Amino acid sequence: MSQPSKVYGLLAEFETPAGVYHACETVRDAGYTRWDSLTPFPVHGLDKAMGLKRSPLPWVTLVMGLTGASSAMALQWWVGAIEYKMVISGKPLFAWQPSIPITFELGVIFAVFGTLFGLLHLCRLPRFHHPLFSSARFDRVTDDRFFIAIESDDPKYDPIATRSLLESAGASAVELVEDRDEG
Amino acid sequence: MGGHHRQLPTAADFTLKSDSLLHKLPVIGGIIGLAGIGGAVAMGGGFHDKQFAYSYLTAFMYWLSIALGALFFVMIQFATRAGWSVLVRRVAETVAATLPVFVLLFIPVILSMHTLYHHWLEPNGDPLILKKSGYLNEPFFLGRAAFYLLSWSALAWYFRSHSTRQDQTGDLEHTRLMQARSYPAIAIFALTITFAAIDWMKSLDPHWYSTMWGIYYFAGGMIGFFTFFGLVILAMTRKGADAFHGAVTTEHRHDIGKYTFGFVVFWAYIAFSQYFLIWYGSIPEETIWFQHRQHGGWENLGYALIFGHFVLPFFFLLSRHVKRNRVAYALGALWLLGIHYVDLYFNIMPVGSAHFAPHAVDALSMVGVGGIFVATFAALMTRSAIVPLRDPRLPESFRFENF
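A quick note: this is a predicted structure, and the numbers were derived from the prediction, not measured.

In this section: the overall build of chain B. Per the secondary structure count, chain B includes 18 helices and 0 strands. Computed over C-alpha atoms, the radius of gyration of chain B comes to 21 Å, within 12% of the 22 Å expected from 2.2 N^0.38 for 403 residues, which places it in the range of a compact globule. The C-alpha extent of chain B, read off along each of the three principal axes, is 70 × 40 × 40 Å. Here the contacts in chain B between residues at least 6 apart in sequence split such that 83% fall between residues at least 24 apart. The average position of the 28 basic charges and that of the 23 acidic charges among the side chains of chain B differ by 9 Å.

Now the structure itself:
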C-alpha cells in the first residue's frame, strides 16, 4: 500500500550549544508548541529557553508510591487478621511494626514502575522509528550538532515563515523532513 | 546558561564587612553562652544535681551533633570531589572548626559524671555491669573521651587550615592532600562518633543494648547540621546584605535542601529499624527502654518524633518548590532544629526521670552551649574569606545548576 509522503516538519541544525539555546528562545517567543530540541548532551537551562513546564511525572510517582504503600498495608492486614488468622511466636495477628518493611518495599516498587512507565508514556515510547532518522544530517545529534525540530501539525507552522524564522535564529542548515511509511 | 566568563573572586569580594552580624556575634554569643551555662549550674543546684547533669548533657550532645555533621559534610565533599558545594564549603568548614571548643564544653559533663553514669561507676555487685567493667570504667572512659574530642578537633582543623592556606597560595597540593586524607578520616569519624554516642548517651542505661545507637545519633546530627547550615546560608544571602554577592544561588540552597530531606528519610529508617528489631526480638532487657518511654508523658514525645521528625518534614520537604523557596525552607529548617532537640531529649532525659517535666535548666543549658558554639563559629567566620578563594573547583560551583 503506498501512501503519499507527509511532511513531518522542519529540522534546523546549529553548531554550538549557545546557538541552539538562543534559537530555542526565539522559537518559544514566536509561540510554537509542537517542537523539540535535540542535543548530544544536556545543555544547562535549555528547558527554560524552550519554555517547558515542569513535568507531571513526580505526581505520577507520588500517587503510585502512596497506592503501593497503602495496598501493601491493606494486604498484610487482610491476610494476617482476616483470612489466615495464625498466631506466630506470640505476635498479634496484625501490627503495623512488622508491616512497615513490606509497605516500604511495595511503595518503592510502585513508585519506580509508575515513574518508568509514566516516563515512557510521556516520551511516547516505545516506538521503532522516528521520521527524523531519515535525515542524514541528523546522525550528528549524537556527536557534535544541535537541532530544533518543529512539527508540521503545530498550529503556527508555515513552510516558509517557519523556515525563515529558524534561519534568522542562526541555523546553519534547515531541511524538510518527510514522514515516510518505511513499510 | 553556562559560558559566562567570570573573574575569579578576590579576597576583598568574599570577606565579611566589619558591620556584619557575624562580627557582633562572638561577643553577644559569648556573654549569652557563659550566662546560660552559669545560670544552668546555679539553678540546677551544681554539677551533681540530676537536673543540671541531664539537661546539660542533652544540650552538649545537641550542639556537638551539628559540629560533627559539618565535619562529615566537609570530608564527604573531598571524598566525592564535589564541585557544587565549593562556594558554601567554607561555612561548613567553620562550623566543624568549632569542635575544639567542645573539649572545654565537655568539662561540665566530666564534673557531673558521677550523677550521670553512677550505674556503672558504682556497680554495687551488679553482675552484668561487672562483666562490662573492662570497658565501662572511669579512666578508660576519660581516655576515650579525650581521644574522640582530640581526633575531631584535629580533623576539623586539618581540613580548615589546608583550605585557608590554599586561599593564599592556590597550591593544588592542598586539594590533593585533603582528598587523599578524607577516606581514612571518614573511617576514624565513623568509629569515634559511634563509640562517643555509646559512651556518653547509651551508657546512661548500661543494661540496655542497641547496635543502631551510634548511627542513630549521627543521623539526627546530620539533620541538625544541614538545617543549621541552610539557615546560615539563608541569613548570609539575605536581600540587601548578600555576603556572597549573588554567587550562592537557589541551586546551592536546593542541594542543601535535598541533603536535609535525604537525612530526614535516613533518620526515620534508622530510628524505625532500632524500634522494629527490638519489637520483633521482644527481649525484656531491650524492650524496657521503649517501655519506660511509653509512660509518664514520654509517649507524647515519641508520637511527636514519628510525626514531627518524619511524616511532616517528609511530605513538606518532598516538594522541589519548598527546597528552593527561602521562607518555606527556613520554616522547615527551624522546625527540624527544634525536633532534633526533642529527639535527643527523648533519648537522654527519661533515664533521669520517670515523668516528662521540662525545666528552665533545659533551656538555659541549650542557650549556654549554643551561645558558646555560635560565638566560636562567628569568630572563626570573620578570620578568613567566606569561600575557598582558590579551590580548583570554584568555577564549577559558580556555574552550578540543577536540572
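Having seen the model, we can carry on.
Our focus in this paragraph is the sheet that holds strand S4 (residues 173-179) of chain A. Residues and elements named next belong to chain A. Taken in spatial order, the 4 strands line up as S2-S3-S1-S4 in an open sheet, and their pairing is antiparallel. Two strands bound the open sheet, and with one partner strand each, they are strand S2 (35-38) and S4. Each strand of the sheet is rotated relative to its neighbour by a mean of 20 degrees, with strand direction disregarded. Strand contacts of helix H1 (residues 17-29): strand S1 (6-14), S2 and strand S3 (146-151), with the helix running at about 20 degrees to S3, the strand carrying the most contacts.

All names here are of chain B. Summed over the entire model, instances satisfying the criterion amount to 65 aromatic pairs over all chains. An angle of 65 degrees between the planes, with centres 5.9 Å apart, marks the rings of Phe60 and Trp200 as edge-to-face. You can see Phe60 sitting in helix H2 (residues 50-79) and its partner Trp200 sitting in helix H10 (residues 172-200), a full 140 residues away along the chain. Phe60 sits in the buried class, given a relative accessible area of 0%. Accessibility expressed as a relative area gives 0% for Trp200, which makes it buried. Centroid distance Phe189 to Phe218: 6.2 Å. Interplanar angle 70 degrees. Geometry classified as edge-to-face. Of this pair, Phe189 sits in helix H10 while Phe218 sits in helix H11 (residues 213-236), and the two are 29 residues apart along the sequence. For the residue pair Phe189 and Phe218, the accessibility class agrees, reading buried in each case. Note that Lys132 overlies the ring of Tyr209, its terminal NZ or CZ placed 4.5 Å from the centroid. The ring of Phe140 carries Arg144 above its face, with NZ or CZ at 4.4 Å from the centroid.

Moving on, we get to the interface of chain A and chain B. Contacts between the two partners involve 19 residues from chain A and, on the opposite side, 12 residues from chain B. Both faces combined, the contact of chain A with chain B buries some 1,500 Å², and carbon together with sulfur accounts for 74% of it. Contact with chain B buries surface across chain A, with A:His44, A:Lys91 and A:Gln97 losing the most and accounting together for 38% of the total. Across the chain A-chain B interface, the total number found is 1 salt bridge. Here A:Lys48 ties to B:Glu401 by a salt bridge, and the two come within 4.0 Å at their closest N and O atoms. For the pair chain A and chain B, the number of links is 2 residue pairs in polar contact (both at pLDDT 80 or more). Elements that contribute at least two residues to the side of chain A that touches chain B include exactly H1, helix H3 (57-83) and helix H4 (96-122) of chain A. The element best represented in the side of chain A that touches chain B is H4(A), accounting for 5 residues. Within the side of chain A that touches chain B, the residues separate by chemical class into 13 nonpolar, 3 polar and 3 charged.

Time to look at the confidence of the model for chain B. Note: predicted coordinates in regions of low pLDDT should not be interpreted at a detailed level. All names here are of chain B. With 98% of its residues at a pLDDT of 70 or more, chain B shows a mean pLDDT of 94. Considering only residues more than four positions removed or in separate chains, one finds that residues 1-5, a stretch of pLDDT under 50, has 7 contacts. Overall fold confidence (pTM) sits at 0.91, and the ipTM for the predicted complex is 0.81.

Another aspect to go through is H4(A). Helix length check: H4(A), at 27 residues, gives a terminal C-alpha distance of 36 Å against a target of 39 Å (1.5 Å per residue), a fit within 8%. At A:Ile102, H4(A) is bent by approximately 25 degrees, the largest bend along its length. Buried residues in H4(A) make contact with H3 of chain A together with helix H12 (250-281) of chain B.

Let's shift gears to helix H9 (residues 138-169) of chain B. Residues and elements named next belong to chain B. The terminal C-alpha atoms of H9 lie 46 Å apart, and with 32 residues this matches the ideal 46 Å at 1.5 Å per residue to within 8%. Sitting at the head of H9, Asn137 places a side-chain oxygen 3.0 Å from the backbone nitrogen of Phe140. Positive phi shows up at Gly170, right after H9, with a value of about 70 degrees.

Soluble, globular proteins show a tendency: their nonpolar side chains are buried together. In terms of nonpolar packing, the biggest core is built from 137 residues, with B:Phe102, B:Tyr117, B:Trp152 and B:Trp200 touching the most fellow members. A total of 22 residues in this core trace back to one element, the largest contributor, which is H2(B). A:Leu10, A:Phe14, A:Val43 and A:Met50 belong to the second-largest nonpolar core, a separate cluster that totals 23 residues.

On to the pairing of S1(A). A regular strand places its side chains so that they alternate between the two faces of the sheet. All names here are of chain A. Among the 9 residues that make up S1, 7 are buried, leaving the element largely enclosed by the rest of the structure. Taken together, the 7 bridges between S1 and S4 define a ladder with antiparallel strand orientation. Within S4, the residue paired with Glu13 across the bridge is Ala173. Direction of pairing for S1 relative to S3: antiparallel, over a ladder of 6 bridges. Directly across from Phe14, in S3, lies its bridge partner Phe146.

Another aspect to go through is the packing of helix H1 (residues 21-44) of chain B against helix H17 (residues 360-381) of chain B. Residue and element names in this part refer to chain B. Orientation of H1 relative to H17, taken along the N-to-C sense of each, is 155 degrees, at an axis distance of 6 Å. Compared by their axis directions, H1 and H17 come out roughly antiparallel. The two elements H1 and H17 meet at a crossing, and its hand is left-handed.

Rules and cut-offs
- Residues numbered from 1 in each chain as written.
- Chains lettered and ligands numbered in written order.
- Predicted model: local features only at pLDDT ≥ 70, side-chain atom pairs only at ≥ 80, totals over all residues.
- Heavy atoms only, no water.
- Helix = DSSP H or I, 4+ residues; strand = E, 2+ residues; numbered from the N terminus.
- Rg over C-alpha atoms; globule rule 2.2 N^0.38 Å.
- Contact = heavy atoms within 4.5 Å.
- Lys, Arg positive; Asp, Glu negative; His and termini not counted.
- Charge placed at Lys NZ, Arg CZ, Asp CG, Glu CD.
- Pairing = 2+ DSSP bridges.
- Axes fitted to C-alpha atoms, helices over the stretch in contact; angles between N-to-C directions.
- Phe/Tyr/Trp six-rings, centres within 6.5 Å; stacked < 30°, edge-to-face > 60°.
- Buried < 20%, exposed > 50% of the residue type's maximum accessible area, 1.4 Å probe, protein only.
- Lys NZ or Arg CZ within 6 Å of the ring centre and 35° of its normal.
- Buried area = accessible area lost by both parts, 1.4 Å probe.
- Salt bridge = Lys/Arg side-chain N within 4 Å of Asp/Glu carboxyl O.
- Polar contact = N/O pair within 3.5 Å; in protein donor to acceptor, adjacent residues only side chain to side chain.
- Nonpolar A, V, L, I, M, F, W, Y, C, P; charged D, E, K, R; others polar.
- pLDDT = per-residue confidence, 0-100.
- Expected span 1.5 Å × (residues − 1).
- Bend = angle between axes of the 7 residues up to and from the residue.
- Core = buried A, V, L, I, M, F, W, Y, C linked by side-chain atoms within 4.5 Å.
- Parallel < 35°, antiparallel > 145°, perpendicular 65-115°, else oblique.
- Left-handed = near helix turned anticlockwise from the far one by under 90°.

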